[in-house]
Amino acid sequence: MSRYHEMKFRAVTTFQRRIGNPIIRRLPNQTLLETTGRTSGLPRRTPVGGRRVGREFWLVSEYGEKSQYVRNIRANPEVRVRIRGRWHAGTAHPVPQDDPRARLTTLPRFNSAAVRALGTDLLSVRVDLRD
């Protein structure tokens, strides 16, 4: 990762972790991804922008394998997704062979624009929903 991308990553993730995510998580209709912390074992909730397609939920990670929730998924793929205020259990899978830029065209516009603008290493993630 270039020095510019590393500085951008640190600035964006610090802002998201300390200011953006704590506020956005509280919005009742915000889509959330709940993973299990790979070290702590505690639930970790992250606001995401994605879309349900049948029994699948798709999202794109801004920082790919560097994203904490992707690292948590690698350690334990069992997740929950809150869509329109309702929780759904599922199994998450990073999908490196999927084209994340093409995937963003099928996801909510505002979030997709932010991911394109801020992201440096995009990665598609599919959640196979059980309910």
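Residues numbered from 1 in each chain as written. Predicted model: local features only at pLDDT ≥ 70, side-chain atom pairs only at ≥ 80, totals over all residues. Heavy atoms only, no water.

Peer 1: Even after reading the chapter, I still don't get the pairing of strand β5 (residues 78–83), so can you show me in this structure?
Peer 2: On a regular strand, one side chain projects to one face of the sheet and the next to the other, so that they alternate. With 3 bridges connecting them, strand β1 (residues 32–36) and β5 associate as antiparallel partners. Paired with Glu-34 across the bridge in β5 is Arg-80. Where β5 and strand β6 (residues 86–95) come together, 6 bridges link them in antiparallel fashion. Its bridge partner lying in β6, Glu-78 is registered against Thr-91. Taken together, β5 and the strand that follows it, β6, pair antiparallel across an intervening segment of 2 residues, in which Arg-84 is found at a positive phi of about 50°. (Pairing = 2+ DSSP bridges. Helix = DSSP H or I, 4+ residues; strand = E, 2+ residues; numbered from the N terminus.)

Peer 1: What's the story with the environment of Gly-90 in this structure? I'm lost.
Peer 2: With respect to the helices and strands, the residue Gly-90 is situated in strand β6. A residue is classified by how much of its surface remains accessible, and Gly-90, at 0% relative accessible area, is buried. Counting along the chain gives 21 residues from Gly-90 to Asn-111, while the straight-line C-alpha distance between them is 22 Å. If sequence neighbours within four positions are ignored, Gly-90 has contacts with Pro-77, Glu-78, Val-79, Val-127, Asp-128, Leu-129 and Arg-130. (Buried < 20%, exposed > 50% of the residue type's maximum accessible area, 1.4 Å probe, protein only. Contact = heavy atoms within 4.5 Å.)

Peer 1: How should the sheet that holds strand β3 (residues 50–53) be read in this particular structure?
Peer 2: An order of β2-β1-β5-β6-β7-β4-β3 is seen for the 7 strands of this open sheet, with the pairing classed as antiparallel. Where the open sheet ends on each side, the last strands, each with one partner, are β2 (43–47) and β3. When strand polarity is set aside, the average angle formed by the axes of neighbouring strands in this sheet is 30°. Of the strand pairs in this sheet, strand β4 (residues 56–61) and strand β7 (residues 123–129) are connected by 6 bridges, and their pairing is antiparallel. Following the sheet pairing, Leu-59 is matched in β7 by Val-125. Those strands touched by helix α2 (residues 68–75) are β1, β2, β4, β5, β6 and β7, and its axis lies near 50° from that of β1. (Axes fitted to C-alpha atoms, helices over the stretch in contact; angles between N-to-C directions.)

Peer 1: It is not clear to me how the environment of Val-81 should be interpreted in this structure. Could you clarify?
Peer 2: Along the polypeptide, Val-81 turns up in strand β5. The exposure class of Val-81 is buried, given its relative accessible area of 0%. For the pair Val-81 and Arg-45, spaced 36 residues apart in sequence, the C-alpha to C-alpha distance is 9.1 Å. Among residues more than four places away in sequence, those in contact with Val-81 are Thr-31, Leu-32, Leu-33, Phe-57, Arg-86, Trp-87, His-88, Val-127 and Leu-129.

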